[in-house]
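Given next are the chains, with one letter for each unit.
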Amino acid sequence: MGLETFNHSEPLTLGVELELQLVNTHDYDLAPYAEDMLRLMEKHPLPGSVVPEMTSGMIEVSTGICHSSSEVLGQLTQIRDALVKCADKLNIAVVGGGTHPFQQWHERRIYDKPRFRELSDLYGYLSKQFTIFGQHVHIGCPDADSALLMLHRMSRFIPHFIALSASSPYIQGQDTAFDSARLNSVFAFPLSGRAPMALTWRDFEVYFDKMTHTGVVRSMKDFYWDIRPKPEFGTIEIRVFDTPLTIERAAALSGFVQSLGAWFLADQPFMPQEDDYLVYTYNRFQACRFGMDAVYVDPATGGHMPLREHIMRTIDQIAGHAAAHGATGALHLLRSEAAAGQNDARWFRERQREEQLLAEVTRQAAQRFRGRD
Amino acid sequence: MNELMNFWAQWLRPSAGLPTVQWSLLLAVAAIAGHLLQRHVGLPKVVGYTLVGTLAGLAGFSGAPWPLQGISLFLLELGLAVVLFEAGGRIPLRWFRHNPMVLVQSIAESALTYFAVYWTLAWLGLERQVAGPLALVALAASPSVLTRVVADNRAAGPVTERAIVLSTLSTLYALTLGSARAELMNRSSITFSDTVSPVMVVLGVSIVVAAALALALRTALRFMAPTSENTSIMLLTLVAAATAVAAHMGGSAPLAALLGAMLLKQFNPRPWAWPRQLGNASALLTMLMFVLVSTVAAQADWSGRVAGLVLALIAVRLVAKVVGVALGNVGSGASWRQALLVASAMTPMSSIALLIASQFVVASPQTGPLIAQIALPAILLMEVAGAVIATLAIYRAGESSKPWAPLTTRESAGENHGS
C-alpha cells in the first residue's frame, strides 16, 4: 500500500484526541468498561468521536475540527460531561493522567478488535504495557511540504510539550522519578522516536516506499513517532503529551500548539536541519525525567538553560499569534504554571505525599477530571 | 465413624480439644481438594471445599450441629459478616441516584424469585408455612460464593460488579425478611403490626450496630492508614465484635456488617484498600464457612418427593432470577447478554441461605424440619452447581483474568479471555 495523498485542511485548525482511564469506584483500579461506555456514549449526540483503545480499561475521545483552543474546550466540555454521566450510570469514574498509578499491566485485557489482536500478537507483553494515556493534537497544514516543515520545526518544542503535560510519575505503584514515565513505554516500540529528516513530500514518499518495501510497515499507523504526518486529515499529529488531568489543560496545550504553528507560518522563524536532532533525545529525556526542572539545550546555539525559562520565553515570543487565535488565556495558564514549576506530575506527588495512598490520589484525580478540584 | 472418633478421642488429648484437630484437618483436606480441582479441572476452589464438606457430612462428621448454634453459628455469622462487609463497600448509595434501574432490577429479581418459588412450592402441595420460608431462603443469592469465584479468577468488569451488587442486595432483603419471618413463626394471631414489628426490630438493631461500626471505623481511619496491617486487624476484630453484639440484641449480624459497610462507604468515599490486606484471614473464614455449610447440608434426609421439590425450587429460582434481572435491565446500562450472565452469576446459594434456614428451624420445631428437608439439599446442590455456573458466566462475559485450566501453552501465554 502506497502513501496516501496529503488531503487539504484549513491551516491551523485543531483536533484533539484524549486517551482516558476507566476506573472502578471501590479500589480505583482500571476497570474493563470500554465496551459499556461506548454503548452508552452512542446515545449522546456529541462532536467528534469516542472509540476503543488497546486495552479494555481505556477509551479515546476526540473533538471535531476546531478553530481555536476555546472551541476545543467547548467540545471537550460537552464530551467530558457525557462521559461523566455515563460513568456515573455504570458506577465507574473517568480519569486523566499519562499512566494509571498502580495498575498491573499483566491484568489488562486486550480490547476485542482485529487490529488490537494483531498488535498484541506482534508485540506480546508490550501491548498490555501500552496501557498508557496520551493526548494527541492535530494541526492543519496548508500543504504536504508545509506539513513536513512544521513537523520538524515543532520538534524543537517537544521538551516543552512533555514538561507542560507530564502526568505519569507513577507506574505499578512506584514513583519512577520521571515526570513522564509514559514516554519510556512508547520508546519500547521499534518505530518510535523522531520522524526522518525529509522536508518535501516527495522525499517522504521515497522514504515511505523504502520502508514498505522492507515489509516492516504497511501504513502510517505503524509509525509511533513523537510527531507524524496524518495525510488523510491534512495535518501533523503531535503525540508526546501525557493526557492531562483536566480538559482545561488539554485545551490550553492545543492553544500552545496552534500559536506555535501560527508563528511558524507567519514568520518562518528558523529552518529545521538534521543537526537539530543531535540534542533531541537528550532534551526529550530531560523533560521526561525532570519536567519543569529540566535543562534545555538549544539546538541552534548549543546553549543550556532551564526549560521552564525557555517555555516562558517562547510563550512571550508567540503571544501576538496567540492573541490572533484567541489563545491568550490558554497561554496565560501554561505560563503561570511554568513560572510556578507546576504540572500534573507534581500534583500527583504532592497528593501522594499527603495521602500515602495512590488509590485515593486516583479518586481525587477523577474529581479533577469532573471539574471539581 | 463414631467408633473411630471415640478411639481417637481417647488416644489424642490435644490442648484445644479434639474438635479443633478435626476441623483443622478437615480444612486442610478441603484446601488440598480446592487447589487440585482448580489446578487440574479448572473448577472453582469452592467446589473442592464443598465436596470435602459433603463427604464429611455424609460420613457423620459430628463437628457441626444442626440447627446451627454456639461456636459454629458464630463462625458462620462472622465469615458472612466479613464477606458482606467487603461486598457492601462496593455499593455506593449515590449509584442508585444515577442509575435507579439497578435498584429496580434488584427488587424485581428478588420479588419475582420469592413469589415464583412460593407459588410453585404451594402448587406442588407444600403448606404455606413451609413454602413461604423456603421462598425466602431461595431469594438470597450468595455473595460469598460469587466473591470467591471472582477472587479465584481475578475477575473484574460490568457483569462481575453488577452480580456482586445484586447478590448483596438480595442478601439484604433475605436477611431482613428471613429474620423477621423467623420471629413470626410462633405467633398465633398475625396482624399488620405483628408482621411489621419484627422487621423493624431486626432492621433497627442492625442499623444501630451498623452505625456504631461505621462510626468507629470512620474515626479510626482518620488517623490509621487504610493499607496498614493493623487497620485490617482492627477492622476484622470490630466486625467480630459487631457480629456478637448484633446477634445478641436481636438484630442480624451479617446485615449489620453489610449496612455498616454501606454507611462507611457513604460517609467515607475514599478507596476500599483493605480487602487485599485482609487476604488470607478472610479466605480462611470463608473456606471454613463453605465446609461448614456443606457438612451441615449433607446431613439432610433425602427422598424422591424431596428431590422433586428441590429440583423444582432450583429451576424456578433460576428462571425467576433471569426474568427479574431482564425486567429491570431496560435503561440500566447493561446489554441483554450481560443481564443473562449477571442472573447466571447470581445462582449460587450458600451460607446466607443456610443461616436463614437455621433460624427457621430454631424458631419452629414443627415446620422447621420440613423447611430444612428441602432447603439443605437445595443449598448443597447450588453451592456446587452455582459456583460452576457463576464461573462459566464470568468466563462468557470475558471478565476473568485467568485462563480456564488446563489450557494449551499458547493460550496460556497469549490472550487469556474465557470467550
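Residues numbered from 1 in each chain as written. Chains lettered and ligands numbered in written order. Predicted model: local features only at pLDDT ≥ 70, side-chain atom pairs only at ≥ 80, totals over all residues. Heavy atoms only, no water.

Named according to an unreviewed UniProt entry, chain B is Sodium:proton exchanger originating from Simplicispira suum.

Under an unreviewed UniProt entry, the name given to chain A is Putative glutamate--cysteine ligase 2, and the source organism is Simplicispira suum. The UniProt entry for chain A carries the following text under Sequence similarities (unreviewed entry): "Belongs to the glutamate--cysteine ligase type 2 family. YbdK subfamily." (UniProt positions renumbered as here; feature names shortened; annotations may be inferred.)

Residues and elements named next belong to chain B. Summary statistics for chain B give a mean pLDDT of 85 and a share of 89% for residues scoring 70 or more. This model gives residues 407-419 a pLDDT under 50, and the stretch forms 19 contacts once residues within four places in sequence are excluded. Among the scores for the predicted complex, ipTM is 0.86 and pTM is 0.89. (pLDDT = per-residue confidence, 0-100. Contact = heavy atoms within 4.5 Å.)

This next bit is on helix 9 (residues 247-267) of chain A. Since the α-helix packs 3.6 residues into each turn, any two residues three or four apart lie on the same face. Taking 1.5 Å of rise per residue, the 21 residues of helix 9 of chain A would be expected to cover 30 Å, and the 30 Å separating its terminal C-alpha atoms lies within 8% of that figure. Counting buried positions along helix 9 of chain A yields 17 of 21 residues, so the element is predominantly enclosed. (Helix = DSSP H or I, 4+ residues; strand = E, 2+ residues; numbered from the N terminus. Expected span 1.5 Å × (residues − 1). Buried < 20%, exposed > 50% of the residue type's maximum accessible area, 1.4 Å probe, protein only.)

So, on to empty space enclosed by the protein. Using the criterion set out here, one finds four cavities of 30 Å³ or more in the structure. In this structure, the largest cavity encloses a volume near 140 Å³. Along its surface, the largest cavity is lined by 17 residues, and Tyr33, Leu90 and Asn91 of chain A together with Trp95 and Glu161 of chain B are the ones closest to its centre. Top element by residues in the lining of the largest cavity is helix 9 (residues 158-184) of chain B. It accounts for four residues. Taken together, the residues of the lining of the largest cavity break down into seven nonpolar, six polar and four charged. There is about 80 Å³ of room inside the second largest cavity. Looking at the second largest cavity, the residues that line it are His152, Ser155, Arg156, Ile158, Pro159, Asp276, Val279, Tyr280, Asn283, Arg284, Tyr296 and Pro299 of chain A. (1 Å grid on protein atoms, 1.4 Å probe; cavity = no way out; pocket = protein on both sides within 12 Å on 5 of 7 lines; lining within 4 Å. Points joined across faces, edges and corners; volume = space filled by probe spheres on them. Nonpolar A, V, L, I, M, F, W, Y, C, P; charged D, E, K, R; others polar.)

Okay, the pairing of strand 11 (residues 235-242) of chain A next. All names here are of chain A. Burial runs high along strand 11: eight of the eight residues are buried. Where strand 5 (residues 134-140) meets strand 11, six bridges bridge the pair, whose relative direction is antiparallel. Across the sheet, histidine 138 pairs through a bridge with glutamate 237, a residue of strand 11. Pairing of strand 10 (residues 227-230) with strand 11 involves four bridges; the strand directions are antiparallel. Following the sheet pairing, lysine 230 is matched in strand 11 by threonine 235. Connecting strand 10 to the next strand, strand 11, in antiparallel fashion are four residues, including glycine 234 with a positive phi near 70 degrees. (Pairing = 2+ DSSP bridges.)

Here the focus is the side chain of aspartate 276 of chain A. Residue placement: aspartate 276 of chain A occurs in the loop between helix 9 and helix 10 (280-290). Apart from residues lying up to four places away in sequence, aspartate 276 of chain A is in contact with Arg156 and Pro299 of chain A.

As a further point, take the nonpolar core. Grouped together as the largest cluster of nonpolar side chains are 124 residues, with contacts concentrated most on Met37, Ile59, Leu83, Met154, Phe161, Phe256 and Leu260 of chain A. Residue contributions to this core peak at eleven residues, all from helix 9 of chain A. Not counting the four nearest positions on each side in its chain, methionine 37 of chain A is found in contact with Leu22, Ile59, Leu83, Cys86, Ala87, Leu90, Ile92 and Val94 of chain A. Judged by nonpolar contacts, the second largest core, of 108 residues, contains Trp95, Ile164, Leu309 and Met349 of chain B. (Core = buried A, V, L, I, M, F, W, Y, C linked by side-chain atoms within 4.5 Å.)

Describing an aromatic ring pair means giving the distance of the ring centres and the angle of the ring planes. Counted according to the given criterion, the structure contains 25 aromatic pairs over all chains. Measuring from ring centre to ring centre gives 4.0 Å for phenylalanine 223 of chain A and tryptophan 225 of chain A, while their planes differ by 20 degrees; the resulting arrangement is stacked. The exposure classification of phenylalanine 223 of chain A matches that of tryptophan 225 of chain A, with both residues buried. When the ring of tyrosine 49 of chain B is compared with that of phenylalanine 290 of chain B, the centres are 6.5 Å apart and the planes differ by 25 degrees; the resulting orientation is stacked. Note that tyrosine 49 of chain B is positioned in helix 3 (residues 45-58) and phenylalanine 290 of chain B in helix 13 (residues 275-297), a separation of 241 residues in sequence. Here phenylalanine 290 of chain B falls in the buried class, since its relative accessible area comes to 0%. Among the aromatic residues, those joined into a ring-pair cluster are Phe6, Trp201, Phe204, Tyr207, Phe208, Phe223 and Trp225 of chain A. Above the plane of the ring of tyrosine 277 of chain A lies arginine 194 of chain A, whose end atom (NZ or CZ) is 3.8 Å from the centre. Residue placement shows lysine 230 of chain A over the ring face of phenylalanine 233 of chain A; its charged tip is 5.7 Å from the ring centre. (Phe/Tyr/Trp six-rings, centres within 6.5 Å; stacked < 30°, edge-to-face > 60°. Lys NZ or Arg CZ within 6 Å of the ring centre and 35° of its normal.)

It is common to give the size of an interface as the accessible area lost on bringing the parts into contact. Across the boundary between the two partners, chain B contributes 36 residues, which contact 27 residues of chain A. Here chain B and chain A share an interface that buries about 2,600 Å² over both sides, 46% of which is from carbon and sulfur atoms. Across the pair arginine 270 of chain B and glutamate 355 of chain A runs a salt bridge whose closest N-O atoms are separated by 2.9 Å. For the side of chain B that touches chain A, the secondary structure elements donating two or more residues are helix 5 (93-98) and helix 9 of chain B. Looking at side-chain class alone, the side of chain B that touches chain A contains eleven nonpolar, 15 polar and ten charged residues. (Buried area = accessible area lost by both parts, 1.4 Å probe. Salt bridge = Lys/Arg side-chain N within 4 Å of Asp/Glu carboxyl O.)

All names here are of chain A. Of the volumes computed, that of the second largest pocket is approximately 1,000 Å³. Every residue lining the second largest pocket is counted, 45 residues in all, and those nearest its centre are Glu17, Glu60, Arg228, Lys230 and Glu237. Ranked by residues supplied to the lining of the second largest pocket, first place goes to strand 1 (residues 14-24) with five residues. In terms of residue class, the lining of the second largest pocket is built from 17 nonpolar, 13 polar and 15 charged.

The subject of this paragraph is unusual backbone geometry. Residue and element names in this part refer to chain A. With a phi close to 60 degrees, asparagine 91 is a non-glycine residue in the positive phi region. Although it is not a glycine, glutamine 356 adopts a positive phi angle of roughly 55 degrees. Positionally, glutamine 356 belongs in the loop between helix 14 (344-355) and helix 15 (358-370).

Residues and elements named next belong to chain A. Counting across every chain of the model gives 27 salt bridges over all chains. Residue arginine 370 pairs with aspartate 88 through a salt bridge whose shortest N-O separation is 3.0 Å. With arginine 370 in helix 15 and aspartate 88 in helix 2 (residues 69-90), this pair connects stretches of sequence that are 282 residues apart. Of the charged contacts, one joins arginine 156 and aspartate 276 as a salt bridge, the two residues approaching to 3.2 Å between their closest N and O atoms.

Once that is clear, we can look at the packing of helix 6 (residues 100-123) of chain B against helix 9 of chain B. Residues and elements named next belong to chain B. Where helix 6 contacts helix 9, the two axes come as close as 10 Å, and the packing angle between them is 50 degrees. Here helix 6 is positioned oblique relative to helix 9, judged by the angle of their axes. Helix-helix and strand crossings are classified by hand; for helix 6 and helix 9 the assignment is right-handed. Each of Val102, Leu103, Gln105, Ser106, Ile107, Glu109, Ser110 and Tyr114 in helix 6 lies in contact with helix 9, whose residues at this interface are Arg162, Leu166, Leu169, Ser170, Tyr173 and Arg181. Across the contact of helix 6 with helix 9, the residue classes tally to seven nonpolar, four polar and three charged. (Axes fitted to C-alpha atoms, helices over the stretch in contact; angles between N-to-C directions. Parallel < 35°, antiparallel > 145°, perpendicular 65-115°, else oblique. Left-handed = near helix turned anticlockwise from the far one by under 90°.)

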